[in-house]
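Each chain, letter by letter, is given below.
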Amino acid sequence: MTHHRATLQELEMFAAIAQHRSFRKAAEERNVTPSALSHAMRNFEQRLDVRLLNRTTRNVALTEAGERFLQRIQPALLDLSQAVDELNDWRSDPRGTLKLNMPRSAEALFFDSLILPFVQRYPEITLEIDSNDALVDIIDAGYDAGIRYGDVLAQDMIALPFGPPMRALAVASPAYIARYGAPQTPDALLKFPCIERRFPSGRRYRWEFWTEGRKQEVSVSGTLVLDNNERILQAALAGAGIAFLHQATVEQSLAEGTLVEVLAEYTGYAEGFWLYYPSRRYLSTPLRHFINWLRENKD
């Protein structure tokens, strides 16, 4: 009874729909239209004479049979993709896709020094970057690795430094300081118009300062709330408020004198970005090469 056999393509198709719980997302991943995917899945179920999915207008759920089937085939599918990936070790130029999720500030800071040189060094690897400041579950969202600032990581993740540690500085334009003066302590910031940073969750960023090794967080306020570094820098240069930005972002402006640092003695502590990935998961060839690349280019 050959009609009960399933092709590898059908198994991968089912696994993609099950993972995303969405025909649209699974179709995007597999580069087909949602209707073609839905049609192929129906044919597959009819041939097997078992319902694997419950479709509603809003989402897709697995039937009990579908859940069991997914648990059985997932290890095998993973094993097969690893076998294909391991052939990379026999090739002079490794190939494959590396999907990274990172904050926009990390992308901007290290695009020239870490990301572009990696792409040039490994011309056969496709690097896909989603730059986004939201806290994303990288496993759920299908990324190979993520990048975050500070060490806010889940337990079962492996982390290594991404780029060197940097100070974050409080800066303002000379015109702003001429008009309002400069704060002498972090607490004094509460009396000064500041440019606030908003995260995608809606949470406002609390500025971090250090006094004798102790961290102090200040909830600044102002009439401008932004969500990306380029605009915050632009607003600071225009005198719209005091800004809090990474050293590398403001270096040029400080050298040109278009911005002045304030509260320098309270921002001596440097923190950095971290690349993190699940400890339990197989390391794909592209990710393995990226990790080695970061180790080679630490400074």
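Details of the structure are given in the entry above.
Quantities reported herein were computed from a predicted structural model and do not represent experimental measurements.

Caption draft 1: Looking closely at the overall build of the chain. A count of helices and strands for the chain gives 9 helices and 13 strands. Compactness check: the chain gives a C-alpha radius of gyration of 25 Å against a globular reference of 19 Å for 299 residues, more than 25% above the reference. Expressed as lengths along the three principal axes of its C-alpha atoms, the size of the chain is roughly 85 × 45 × 30 Å. Of all 299 residues assigned to the chain, the portion counted as buried reaches 40%. When contacts within the chain are restricted to residue pairs at least 6 apart in sequence, long-range pairs at least 24 apart make up 73% of them. For the chain, the accessible surface area stands at approximately 17100 Å², while carbon and sulfur atoms represent 50% of it. Placing the 34 positive and 38 negative side-chain charges of the chain at their respective mean positions leaves the two points 6 Å apart.

Caption draft 2: Quick peek at the pattern of salt bridges. As enumerated under the stated definition, the model contains 12 salt bridges in all. Note that Asp133 is salt-bridged to Arg104, the shortest N-O span being 3.2 Å. Residue Asp133 is found in the loop between strand 4 (125-131) and strand 5 (145-149), and its partner Arg104 is found in helix 5 (residues 104-121); the two are separated by 29 residues along the sequence. Judged by relative accessible area, which is 23%, Asp133 ranks as partly exposed. On the accessibility criterion, Arg104 (31% relative accessible area) is partly exposed. Each of Arg104, Asp133 and Asp227 takes part in salt bridges that share partners, so that together they form one network.

Caption draft 3: Quick look at the packing of helix 1 (residues 8-20) against helix 4 (residues 64-86). Contact pair helix 1 / helix 4: the axes reach a minimum separation of 10 Å and the direction vectors enclose 115°. For the pair helix 1 and helix 4, the crossing hand works out as left-handed. Residues Leu8, Leu11, Glu12, Phe14, Ala15 and Ala18 of helix 1 lie in contact with helix 4, whose contacting residues are Gly66, Phe69, Leu70, Ile73, Leu77 and Leu80. Each residue belonging to the contact of helix 1 with helix 4 can be placed in one class, and the counts come to 10 nonpolar, 1 polar and 1 charged.

Caption draft 4: Quick peek at the packing of aromatic side chains. This structure, assessed with the given rule, holds 13 aromatic pairs. Ring centres 5.3 Å apart and planes at 35° place the aromatic pair Phe14 and Phe69 in the tilted group. Of the two residues, Phe14 sits in helix 1 while Phe69 sits in helix 4, which places them 55 residues apart along the sequence. On the basis of relative accessibility, which here comes to 24%, the residue Phe69 falls in the partly exposed class. One aromatic cluster is present, formed by Phe110, Phe118, Tyr122, Tyr149, Phe162, Phe273, Phe290 and Trp293 through successive ring pairs. Taking the ring centre of Tyr122 as reference, the NZ or CZ of Arg121 above it sits at 4.4 Å.

Caption draft 5: Looking closely at the packing of helix 1 against helix 2 (residues 23-30). Packing of helix 1 against helix 2 brings their axes to within 8 Å, and their N-to-C directions diverge by 130°. When the axes of helix 1 and helix 2 are compared, the pair comes out oblique. The interaxial crossing formed by helix 1 with helix 2 has right-handed handedness. Mapping the contact onto sequence places Gln9, Glu12, Met13, Ala16, Ile17, Gln19 and His20 in helix 1 and Phe23, Lys25, Ala26, Glu29 and Arg30 in helix 2. Here the residues of the contact of helix 1 with helix 2 sort into 5 nonpolar, 3 polar and 4 charged.

Caption draft 6: Local environment of the nonpolar core. With 25 residues, the main nonpolar core has Phe162, Leu275 and Phe290 as its most contacted residues. Contributing elements (two or more residues each) for this core: strand 3 (96-102), helix 5, strand 4, strand 5, strand 6 (157-172), strand 13 (270-278) and helix 9 (285-296). Among the elements that make up this core, the one with the highest residue count is helix 5 (6 residues). Beyond its immediate sequence surroundings of up to four residues, Leu275 is in contact with Leu100, Ala145, Gly146, Ile147, Ile158, Ala159, Leu160, Phe162, Phe290, Ile291 and Leu294.

Caption draft 7: The arrangement of the layout of surface pockets in detail. The space that makes up the largest pocket amounts to roughly 2000 Å³. As for the largest pocket, its lining consists of 43 residues, and the residues nearest its centre are Gln19, Glu29, Ser81, Gly142 and Asp144. Elements represented by at least two residues in the lining of the largest pocket include exactly helix 1, helix 2, helix 4, strand 3, strand 4, strand 13 and helix 9. For the lining of the largest pocket, the element with the most residues is helix 4, which contributes 8 residues.

Criteria and cut-off values
- Residues numbered from 1 in each chain as written.
- Predicted model: local features only at pLDDT ≥ 70, side-chain atom pairs only at ≥ 80, totals over all residues.
- Heavy atoms only, no water.
- Helix = DSSP H or I, 4+ residues; strand = E, 2+ residues; numbered from the N terminus.
- Rg over C-alpha atoms; globule rule 2.2 N^0.38 Å.
- Buried < 20%, exposed > 50% of the residue type's maximum accessible area, 1.4 Å probe, protein only.
- Contact = heavy atoms within 4.5 Å.
- Areas by Shrake-Rupley, 256 points an atom, 1.4 Å probe, with all protein chains shown as cover.
- Lys, Arg positive; Asp, Glu negative; His and termini not counted.
- Charge placed at Lys NZ, Arg CZ, Asp CG, Glu CD.
- Salt bridge = Lys/Arg side-chain N within 4 Å of Asp/Glu carboxyl O.
- Axes fitted to C-alpha atoms, helices over the stretch in contact; angles between N-to-C directions.
- Left-handed = near helix turned anticlockwise from the far one by under 90°.
- Nonpolar A, V, L, I, M, F, W, Y, C, P; charged D, E, K, R; others polar.
- Phe/Tyr/Trp six-rings, centres within 6.5 Å; stacked < 30°, edge-to-face > 60°.
- Lys NZ or Arg CZ within 6 Å of the ring centre and 35° of its normal.
- Parallel < 35°, antiparallel > 145°, perpendicular 65-115°, else oblique.
- Core = buried A, V, L, I, M, F, W, Y, C linked by side-chain atoms within 4.5 Å.
- 1 Å grid on protein atoms, 1.4 Å probe; cavity = no way out; pocket = protein on both sides within 12 Å on 5 of 7 lines; lining within 4 Å.
- Points joined across faces, edges and corners; volume = space filled by probe spheres on them.

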